[in-house]
Amino acid sequence: MVSNRFCVFCGNPPEKKNREHILPQWLLELTGDPKRVVNFGTNFKDGRTIRFDWLNFCVPACESCNTEYSSLEGRAKSYVLTLLDRGALTSIEYIDFMDWMDKVRIGLWIAYHFIQGNPTNIEPSFHIKTRVSQKDRMIAIYPMAGDGVGLNALGAESLIFHSQPSCMGLRINNILIVNMSSDFLFSSRCGFPFPKSCFTMLDGESPYMMHASDFSITRKIKHPLIRKQIIKPSIHLYQPIMARSEDKRFQSGFVGDYNSFDSYLAKHTLPPYPSGKGILYFQHLDRVEPIYDIKQPIEFENCTGMHSNPMYKLARQVYEFQNLIYKQGNFVAENRELELNHAKRTKLLLKWNNNIIAHYSAMKNV
Ligand SMILES: [Zn+2]
């Protein structure tokens, strides 16, 4: 890989240099010839298509960091095999699987940052360790007809994903997993604390820091958990996650929670209290079901009309949700020019995605 500057897990210069396969060997073997060469989108610096053989799709990592995550890889493999068989995972296994999806999503983000020539000039401000299991997150799993073999990462090449790796799709043979994660994405609708005011300062003392204040909590679940319509998946799970805070006003130690004990949060988070990590909520067509028993097996729901939701619609959805989440951000600056430039850039990023969305929409006529 191009740069050795930092470890993908901890962000420090890698000690005892090691390489981490962003898409692990077991996954490559499961989805075709592990030595295959694939297109990886465009290098934005020279406009050329990036071709890469997946065995070399590696980023630098410390040996110790790599080892720390290797057991998660082992478990993820068994979860994926179960899902390909349409088998049930328990609630706590799905939560573990979401950690793996976080790891893959952030790993891809950092890898694309290297291989696409950093088109938006960002410095990764977080790495796998500081981003796994830190923000509200969801997964939706779509079974696909047939027994196709293949591996695709949808949305990981977009300019929005470069700025904010909040949503992607991972197709593994005949399932598509859509994964989203962002601050306070659905905390309020799960009955968790949420800020009435939230913005990111582009300049000042700590640029790119999010400022959230004026917290409220309803302790009520609202259906649906995300208001934009989502094509019905077979597995549709949401986990609200509270961020740790040193602020003494938040007595439980988590952002937005002014209480030392909150019986609603105690009931709707994983033990031991206070963990800040929510239980899973299953989004059904007509209601939201909180899953209180972490050992409860979660079965695939039938997707009626599955064949009327071809791949192009599912793919399009990934880019639509990237735009939706990006538009929820509120960026301000003391420097007016900086603020205007950011607004201009936002327009460009959204337009880039809108072109892809239009491209997929046109496919219904093919
Ligand atoms: Zn490290």
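Preceding this section is the structure that the text describes.
Positions within a chain are numbered from 1, following the residues in the order the chain's sequence is written. Only residues with pLDDT of 70 or above have their local features reported here, since the model is predicted, and side-chain atom pairs are shown and tallied only from 80 upward, although totals for entire chains, interfaces and linings are computed over all residues. As a rule here, side-chain values come from all non-hydrogen atoms in the structure, and water together with hydrogens is ignored.

Undergrad: Got a minute to help me understand the sheet that holds strand β16 (residues 331-332) in this structure?
TA: One bridge is not enough; two strands pair if DSSP finds at least two bridges between them. The way it works is that DSSP assigns letters per residue, a run of H or I at least four long becomes a helix, a run of E at least two long becomes a strand, and they are numbered from the N terminus. Ordered in space as β11-β10-β16, the three strands form an open sheet in which the pairing is mixed. Two strands bound the open sheet, and with one partner strand each, they are β11 (209-216) and β16. With seven bridges connecting them, strand β10 (residues 194-201) and β11 associate as antiparallel partners. Opposite Phe 194, over in β11, you have Ser 216 as the bridge partner.

Undergrad: Explain the packing of helix α2 (residues 63-84) against helix α3 (residues 91-115) to me, please; I cannot follow it from the model alone.
TA: To characterise two packed helices, one gives the angle between the axes of the helices and the distance between these axes. Note on geometry: axes are C-alpha line fits, over the in-contact stretch for helices, and angles between N-to-C directions span 0 to 180 degrees. Viewed as axis vectors pointing N to C, α2 and α3 meet at an angle of 115°, and their least axial separation amounts to 9 Å. One way to sum up the angle between α2 and α3 is to call them roughly perpendicular. Considering how the two elements wind past one another, α2 and α3 form a crossing that is left-handed. Between α2, through Tyr 69, Leu 72, Glu 73, Arg 75, Ala 76, Tyr 79, Val 80 and Leu 83, and α3, the contact on the second element is made entirely by Glu 93, Tyr 94, Asp 96, Phe 97, Asp 99, Trp 100 and Lys 103. Lys, Arg, Asp and Glu make up the charged group, whereas Ala, Val, Leu, Ile, Met, Phe, Trp, Tyr, Cys and Pro make up the nonpolar group; the residues left over, Gly among them, are polar. Its residues assigned to classes, the contact of α2 with α3 comprises nine nonpolar, no polar and six charged. An angle below 35 degrees is read as roughly parallel, one above 145 as roughly antiparallel, one from 65 to 115 as roughly perpendicular, and any other as oblique. By definition, turning the near helix anticlockwise from the far helix through less than a right angle yields a left-handed crossing, and turning it clockwise yields a right-handed one. Whether two residues are in contact is decided by their heavy atoms: any pair within 4.5 Å suffices.

Undergrad: Got a minute to help me understand unusual backbone geometry in this structure?
TA: Here the residue pair His 223 and Pro 224 is connected by a cis peptide bond, since its omega of -10° sits within 30 degrees of zero. For Pro 224, the location among the structural elements is in the loop between β11 and β12 (235-239). A cis amide bond links Tyr 273 to the next residue, Pro 274, at an omega of -10°. Within the secondary structure, Pro 274 sits in the loop between α6 (263-267) and β13 (280-283). A positive phi is found at Tyr 208, a non-glycine position, where the angle reads about 70°. Mapped onto the elements, Tyr 208 comes out in the loop between β10 and β11. Only protein chains enter the area calculation, which uses a 1.4 Å probe; residues under 20% of their type maximum are buried, those over 50% are exposed, and those in between are partly exposed. Residue classification places Tyr 208 among the exposed positions, given a relative accessible area of 55%. The phi torsion at Asp 214 lies on the positive side, around 60°, for a residue other than glycine.

Undergrad: Can you walk me through the packing of aromatic side chains in this structure?
TA: For any pair of aromatic rings, the description rests on two quantities: the centre-to-centre distance and the angle between the ring planes. Each Phe, Tyr or Trp ring (for Trp, its six-membered ring) is paired with any other whose centre lies within 6.5 Å, and the angle between the two planes then decides the class: stacked below 30 degrees, edge-to-face above 60, tilted in between. Within the structure shown, the criterion is met by twelve aromatic pairs. On the numbers, 5.7 Å between centres and 20° between planes, the contact of Phe 97 with Trp 100 is stacked. Of this pair, Phe 97 and Trp 100 both sit in helix α3, three residues apart, which is roughly one turn of that helix. Grouping residues by exposure puts Phe 97 and Trp 100 together as buried. Centre to centre, the rings of Tyr 319 and Tyr 360 are 6.1 Å apart; their planes meet at 35°, and the pair counts as tilted. With Tyr 319 in helix α7 (residues 311-328) and Tyr 360 in helix α8 (residues 336-362), this residue pair connects regions lying 41 residues apart in the sequence. For the pair shown, Tyr 319 and Tyr 360 are each scored as buried.

Undergrad: Explain the environment of Asn 18 here, please?
TA: Relative to the elements of secondary structure, Asn 18 occurs in strand β1 (residues 17-21). Residues Asn 18 and Cys 7, eleven residues apart in the sequence, show an inter-C-alpha distance of 8.9 Å. Among residues more than four places away in sequence, those in contact with Asn 18 are Val 59, Pro 60, Ala 61, Cys 62, Glu 63 and Asn 66. Side-chain atoms alone can form a polar contact between residues adjacent in sequence; in general such a contact is a pair of N or O atoms within 3.5 Å, and within protein one must be able to donate a hydrogen while the other accepts it. Within the structure, Asn 18 has its side chain in polar contact with the side chain of Asn 66 (distance 3.5 Å).

Undergrad: Please explain the coordination of the zinc ion as it appears in this structure.
TA: In an ideal octahedron of six donors the angles at the metal are 90 or 180 degrees, and in an ideal tetrahedron of four donors they are 109.5 degrees. In this listing, donors mean N, O and S atoms no farther than 2.8 Å from the metal, or 3.2 Å for Na, K and Ca; water is missing from the atoms, so a site can look incomplete. Coordination of the zinc ion by the protein is provided by Cys 7 (SG), Cys 10 (SG), Cys 62 (SG) and Cys 65 (SG), with metal-donor distances spanning 2.3 to 2.4 Å. Around the zinc ion sit four donor atoms; with metal-centred angles ranging over 103 to 117°, the donor geometry is tetrahedral. In primary-sequence terms, the residues that donate to the zinc ion follow C-x2-C-x51-C-x2-C. Note that Cys 10 is positioned in the segment before β1 and Cys 62 in strand β4 (residues 58-62), a separation of 52 residues in sequence. Four donors are marked tetrahedral only if all angles between them lie between 85 and 135 degrees, whereas four are marked square planar and six octahedral if opposite donors are more than 155 degrees apart and the other angles lie between 65 and 115; the remainder are marked irregular.

Undergrad: Help me understand the side chain of Ser 275, please; the structure alone is not making it clear to me.
TA: Along the chain, the position of Ser 275 falls in the loop between α6 and β13. Here Leu 270 takes part through its backbone oxygen, which lies 2.7 Å from a polar atom of the side chain of Ser 275. Look past the residues within four positions of Ser 275 in its chain and what remains in contact with it is Phe 254, Thr 269 and Leu 270.

From the geometry alone we can't say anything about function, so treat these as descriptive.
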